[in-house]
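Here are the chains, one letter per residue:
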Amino acid sequence: MKKAIGQSGVVTALGAMSGTSLDGVDAAVLRTDGHRIEGFGTSGYRAYTAAERQALRAGLGQWQGAAVEAAAAVVDAAHAEILAGFDGVDIVGFHGQTLAHEPRGRGTLQVGDGAALAQALGRPVVWDFRSDDVAMGGEGAPLAPFFHFACAHWIGAAEPLCFLNLGGVANLTYVDPAFARPEQPGALLAFDTGPANAPVNDLLQARLGQEMDEGGALAAQGKVEEGALELFLAEPFFARMPPKSLDRNDFSEMIGLVCELSDADAAATLTGLCAAGVVQAMEHCPAPPAQVLVTGGGRKNPVLMQMLRAGLDCPVEPVEAAGLDGDMLEAQAFAHLAVRIARGLPTSCPGTTGVRAAVGGGIISLPDG
Ligand SMILES: Nc1ncnc2c1ncn2[C@@H]1O[C@H](COP(=O)(O)OP(=O)(O)OP(=O)(O)O)[C@@H](O)[C@H]1O
Ligand SMILES: CC(=O)N[C@H]1[C@@H]2OC[C@@H](O2)[C@@H](O)[C@@H]1O[C@H](C)C(=O)O
């Protein structure tokens, strides 16, 4: 049988991620053998148009039907367009777009047709990264932690540290770099901590027709309503022990907590919700981390970063402080995970998703011919 890539040696992998904030497709090249990062390559971004974003939004929370098909068509076309521009790629990791995520119910749905993409690009494509983890009792998310483990080694971390991704949803990974392999018990603890930017984005969209609170400008003018924070932290999600994961819209009713507040106070409070979730999450770490490295769009919001610094007892820096690219870390993660899957290596374990045992899974589609 034709193999996607060999079983050893460094290859050039291209990863693509369409995240919960629905802003666009990130694509990035990584040189890896599936264990270690050898180096980073070029990257690109393909923004969704307003009409495409609308189609994706319409598919959120749905499992089948016309809205799902329309969203899938947007995802397929945008990925085919941006990924065709990369040369010298051995394998592609295609996350697709999560439309619905109920790991303890109907499962998890990432739209995007990896088989069609393999044909279009003439390259092996790994996709459907989350289903097997869910089938084995896992949360199906977060999956970036196995890449965070490789990043911790790449940056030469000597002490335990955390990676914090602030996209639409926030997820935290505690890494102990003393371990040699990510699936070893104690090497990783990871989980979603709560919403990140999704509630602020939804607020700005609903009240002002804006995509985001750029630079935290609106939140900076407001004050946090502490009563809303208390109600937020009383949600059962926060009492659950990790691992645990969220769907983008699981906290969309949080906007209701701030409906009486001014635009600025509402933005400050929803920004505070993200920080409060992270601060509370940190208590689950087995030991205090030496630092928290922040990736994802939220690291560009100084108000949010300041709230995190005020709530945590260790340095909180964008991943750029360690020489990583916070706009591309998730795309790079799916490049790395694609190589691991093609080589039969696990991409999640009990400490990252609560899955019964370490698992790889995923679908590998090869082009014809
Ligand atoms: N300059 C900025 N100022 C404030 N917020 C910003 C800025 N840039 C990005 N963001 C926020 O970050 C979000 C995008 O983050 P990111 O691209 O990491 O999300 P994602 O990868 O789609 O989500 P997820 O990681 O949950 O899948 C934007 O929607 C916005 O809310
Ligand atoms: C189901 C799903 O798509 N979850 C995303 C989402 O966005 C952030 C957070 O929630 C994380 O759990 C995950 O994405 C990253 C890339 C992950 O799997 O690590």
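The rules behind the values
Residues numbered from 1 in each chain as written. Chains lettered and ligands numbered in written order. Predicted model: local features only at pLDDT ≥ 70, side-chain atom pairs only at ≥ 80, totals over all residues. Domains from an automatic or database assignment. Helix = DSSP H or I, 4+ residues; strand = E, 2+ residues; numbered from the N terminus. Nonpolar A, V, L, I, M, F, W, Y, C, P; charged D, E, K, R; others polar. Near = placed C-beta within 6 Å. Axes fitted to C-alpha atoms, helices over the stretch in contact; angles between N-to-C directions. Parallel < 35°, antiparallel > 145°, perpendicular 65-115°, else oblique. Left-handed = near helix turned anticlockwise from the far one by under 90°. Contact = placed C-beta atoms within 7 Å. Core = buried A, V, L, I, M, F, W, Y, C linked by C-beta atoms within 7 Å. Buried ≥ 20, exposed ≤ 12 C-beta atoms within 10 Å, placed from the backbone. Pairing = 2+ DSSP bridges. UniProt positions renumbered as here; feature names shortened; annotations may be inferred.

## Some words on the domain arrangement of the chain
1) Next: In terms of domains, the chain is made up of domain 1 (11–142 + 328–350 + 359–365) and domain 2 (156–322).
2) Next: With centres defined by C-alpha atoms, the gap from domain 1 to domain 2 works out at 23 Å.
3) Next: By residue number, the principal contributor to the side of domain 1 that touches domain 2 is strand β4 (residues 91–102), which donates three residues.
4) Next: Among the residues making up the side of domain 1 that touches domain 2, the classes are represented as eight nonpolar, six polar and two charged.

## A word on the site of ligand 2
1) Next: What surrounds ligand 2 is a group of 19 residues, the closest being Thr98, Ala141, Pro142, Ala144 and Val169.
2) Next: The set of elements that each furnish at least two residues to the shell around ligand 2 consists of β4 and β8 (169–175).
3) Next: Looking at side-chain class alone, the shell around ligand 2 contains six nonpolar, 11 polar and two charged residues.
4) Next: The two domains that each donate at least three residues to the shell around ligand 2 are domain 1 (11–142 + 328–350 + 359–365) and domain 2 (156–322).

## Focus: the site of ligand 1
1) Next: Near ligand 1, the surroundings consist of 21 residues, among which Gly19, Gly167, Asn197, Gly296 and Gly297 are the closest.
2) Next: Looking at the shell around ligand 1, its residues break down into two nonpolar, 14 polar and five charged.
3) Next: The residue makeup of the shell around ligand 1 includes at least three contributed by each of domain 1 (11–142 + 328–350 + 359–365) and domain 2 (156–322).

## Regarding the packing of helix α8 (residues 226–233) against helix α10 (residues 263–282)
1) Next: Orientation of α8 relative to α10, taken along the N-to-C sense of each, is 45°, at an axis distance of 10 Å. Put simply, α8 runs oblique to α10. Crossing of α8 over α10 shows right-handed handedness. Between α8, through Ala228, Leu229, Phe232 and Leu233, and α10, the contact on the second element is made entirely by Thr269, Gly272, Leu273, Ala276 and Gln280.

## Some thoughts on the nonpolar core
1) Next: Judged by nonpolar contacts, the single largest core of 111 residues is most densely connected at Ile91 and Ala338.
2) Next: Ranked by residues supplied to this core, first place goes to α10 with 11 residues.
3) Next: Split by domain, this core shows at least three residues from each of two domains, domain 1 (11–142 + 328–350 + 359–365) and domain 2 (156–322).
4) Next: Beyond its immediate stretch of four places on either side in the chain, alanine 338 contacts Ala13, Gly15, Ile91, Val92, Gly93 and Val126.

## Some points on the pairing of β8
1) Next: The element β8 is extensively covered by neighbouring structure, given that seven of its seven residues are classed as buried.
2) Next: Of the two faces of β8, both are covered, the one formed by Val169, Asn171, Thr173 and Val175 as well as the one formed by Ala170, Leu172 and Tyr174.
3) Next: Pairing analysis gives six bridges linking strand β7 (residues 161–166) to β8, with the strands arranged antiparallel. Note that in β8 the partner of cysteine 162 across the bridge is tyrosine 174.
4) Next: Sheet topology places β8 next to strand β9 (residues 188–195); seven bridges connect them, and they run antiparallel.

## Some thoughts on the UniProt feature "binding site: ATP" (unreviewed entry) in the chain
1) Next: Cross-referencing UniProt, the feature "binding site: ATP" (unreviewed entry) maps to Gly19, Thr20, Ser21, Leu22, Asp23, Gly24, Val25 and Asp26 in the present numbering.
2) Next: When you line up the elements, glycine 19 lands in the loop between β1 (11–18) and β2 (24–32).
3) Next: Filtering out sequence-adjacent residues up to four positions away, glycine 19 remains in contact with Gly167, Gly168 and Glu330.
4) Next: Note on placement: serine 21 falls in the loop between β1 and β2.

## Section: the packing of helix α1 (residues 50–59) against helix α2 (residues 66–83)
1) Next: Remark: α1 packs on α2, axes separated minimally by 8 Å, with the N-to-C direction vectors making an angle of 135°. Taken together, α1 and α2 sit at an angle that is classed as oblique. Seen from above, α1 lies across α2 with left-handed handedness. Together, Glu52, Ala55, Leu56, Ala58 and Gly59 of α1 and Ala67, Val68, Ala70, Ala71, Val74 and Ala78 of α2 make up the contact between the two elements.
2) Next: Among the residues making up the contact of α1 with α2, the classes are represented as nine nonpolar, one polar and one charged.

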